[in-house]
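Overview (structure and organization)
Next come the chains, spelled out residue by residue.
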Protein chains: 2
Amino acid sequence: MKLSKTADYSLRILSFMAKKPEQIHTAKDLVAKLNISDKYLRRLMTQLSKTGFIKSIQGREGGYSFTKPTEQIFVSQIIDAVDGLEKYMGCIMGFGDCSDDNPCALHKKWAKVRSQIMILFETTSIAEMAEKDVQKV
Amino acid sequence: MKLSKTADYSLRILSFMAKKPEQIHTAKDLVAKLNISDKYLRRLMTQLSKTGFIKSIQGREGGYSFTKPTEQIFVSQIIDAVDGLEKYMGCIMGFGDCSDDNPCALHKKWAKVRSQIMILFETTSIAEMAEKDVQKV
DNA sequence: TTTAAATACTACCTGTAAGTATTATTTATT
DNA sequence: AATAAATAATACTTACAGGTAGTATTTAAA
């Protein structure tokens, strides 16, 4: 499984910012630290601002900062905001109307694994990701 | 999580064929039954023939048939043949070099779920999918 | 009030998965 | 030998995610 690059970028950006959650982060700095293409990151920041996780501060001395505690921002919410969770949580065979009552041949087995994925996404906060001592950001 | 349409198609085609594993199946018939675009399915059949799961029989009365028992063809092999398993089994954050020694912030949690996905793919045969009494093919 | 340093917006470019069209080739039947 | 019915190969088209370029707007500091 892979998330879209946009979702990956969003997680990386927000978990990086969450290492210093009170600070105002500029796009320039994020680009330098995260190795994400400049213009795409800037567009994404605007998009993330509109979702409400962060707010933008325009003008000189501007940048981006969180609107709420990073303990209250979960991976599932971020993926949902940028891609829509249903993109990842639908039928593994690609059927639009797959359900317990009208299942595909992998439905039962997949439903179990999918719920594990959902639990992971729903219980992992940006704060948790930020506090890990990992090289990769 | 979603597989590529090509992988979805491959699973649907092969599990449909596996309902009558001794029969020679024509592209025409598969298109009619599976609601997959004609030309794309035909190209995919050629590709699947080259992977060795099925063989093509050219000329009049031709079509496609299995080269081995459907109990010995697993979902993981099919996905690997058409997309490459690594497309789905890599780092959830998109890092190329994520590992236990050099992990991303989600590595540990994701590794557990990913192994469940792998087990599902590796232990589900086309024969098993075919014998399920499901509407969706 | 001017300037510098930041974000916002709009339009365009590019690569790839998926879909389509056309023609060539193969082989059983007649 | 001719035909019909199947697969094979090649090239073109389309949609969209991701990436790029240029200009406009905002605001603190000098």
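Structural notes, computed from the coordinates.

Parameters and conventions
Residues numbered from 1 in each chain as written. Chains lettered and ligands numbered in written order. Predicted model: local features only at pLDDT ≥ 70, side-chain atom pairs only at ≥ 80, totals over all residues. Heavy atoms only, no water. Least-squares fit on C-alpha atoms with pLDDT ≥ 70 in both. Contact = heavy atoms within 4.5 Å. Phe/Tyr/Trp six-rings, centres within 6.5 Å; stacked < 30°, edge-to-face > 60°. Helix = DSSP H or I, 4+ residues; strand = E, 2+ residues; numbered from the N terminus. Buried < 20%, exposed > 50% of the residue type's maximum accessible area, 1.4 Å probe, protein only. Arc of directions from axis to C-beta. Buried area = accessible area lost by both parts, 1.4 Å probe. Salt bridge = Lys/Arg side-chain N within 4 Å of Asp/Glu carboxyl O. Polar contact = N/O pair within 3.5 Å; in protein donor to acceptor, adjacent residues only side chain to side chain. Nonpolar A, V, L, I, M, F, W, Y, C, P; charged D, E, K, R; others polar.

Turning to the relation of the copies chain A and chain B, a few remarks are in order. Note on the copies: chain A fits chain B at an RMSD of 0.0 Å, the axial shift is 0.0 Å, and the rotation between them is 180°. Taken together, the rotation and translation relating the two chain copies correspond to the operation of a two-fold axis. Looking at the rotation axis and the C-alpha trace of chain A, the residue lying nearest is A:Met1, at 2.9 Å. Residue by residue, 100% of the interface of chain A is reproduced at the interface of chain B, so both copies engage with the same surface.

With that out of the way, let us pick up the packing of aromatic side chains. All names here are of chain A. One pass over the full model with this rule turns up 2 aromatic pairs over all chains. For the ring pair Tyr9 and Tyr40, a centre distance of 6.0 Å and an interplane angle of 70° mean the geometry is edge-to-face. Note that Tyr9 is positioned in helix α1 (residues 5-17) and Tyr40 in helix α3 (residues 38-51), a separation of 31 residues in sequence. Residue classification places Tyr40 among the partly exposed positions, given a relative accessible area of 32%.

All right, on to helix α2 (residues 27-34) of chain A then. Residues and elements named next belong to chain A. By the burial criterion, the buried members of α2 are Ala27, Leu30, Val31 and Leu34. Axial view of α2: buried residues confined to an arc of 100°, hence all on one face. Structural note: α2 exposes Lys28 and Ala32 on the side pointing more than 90 degrees away from its buried face. The elements touched by buried residues of α2 are α1, α3 and β2 (63-66). At the exit of α2 stands Asn35, carrying a positive phi of roughly 55°.

This paragraph deals with the interface of chain A and chain B. In this complex, chain A contributes 37 residues to the contact, which on the side of chain B involves 37 residues. For the pair chain A and chain B, the summed buried surface comes to about 3,400 Å²; carbon and sulfur atoms form 67% of the total. Between B:Glu128 and A:Lys109 there is a salt bridge, and its shortest N-O distance comes to 3.1 Å. Where chain A touches chain B, the interface holds 6 residue pairs in polar contact (both at pLDDT 80 or more). Within the residue set of the side of chain A that touches chain B, elements represented by two or more residues are α1, α5 (86-89), α6 (107-123) and α7 (126-131) of chain A. Taken together, the residues that form the side of chain A that touches chain B break down as 21 nonpolar, 7 polar and 9 charged.

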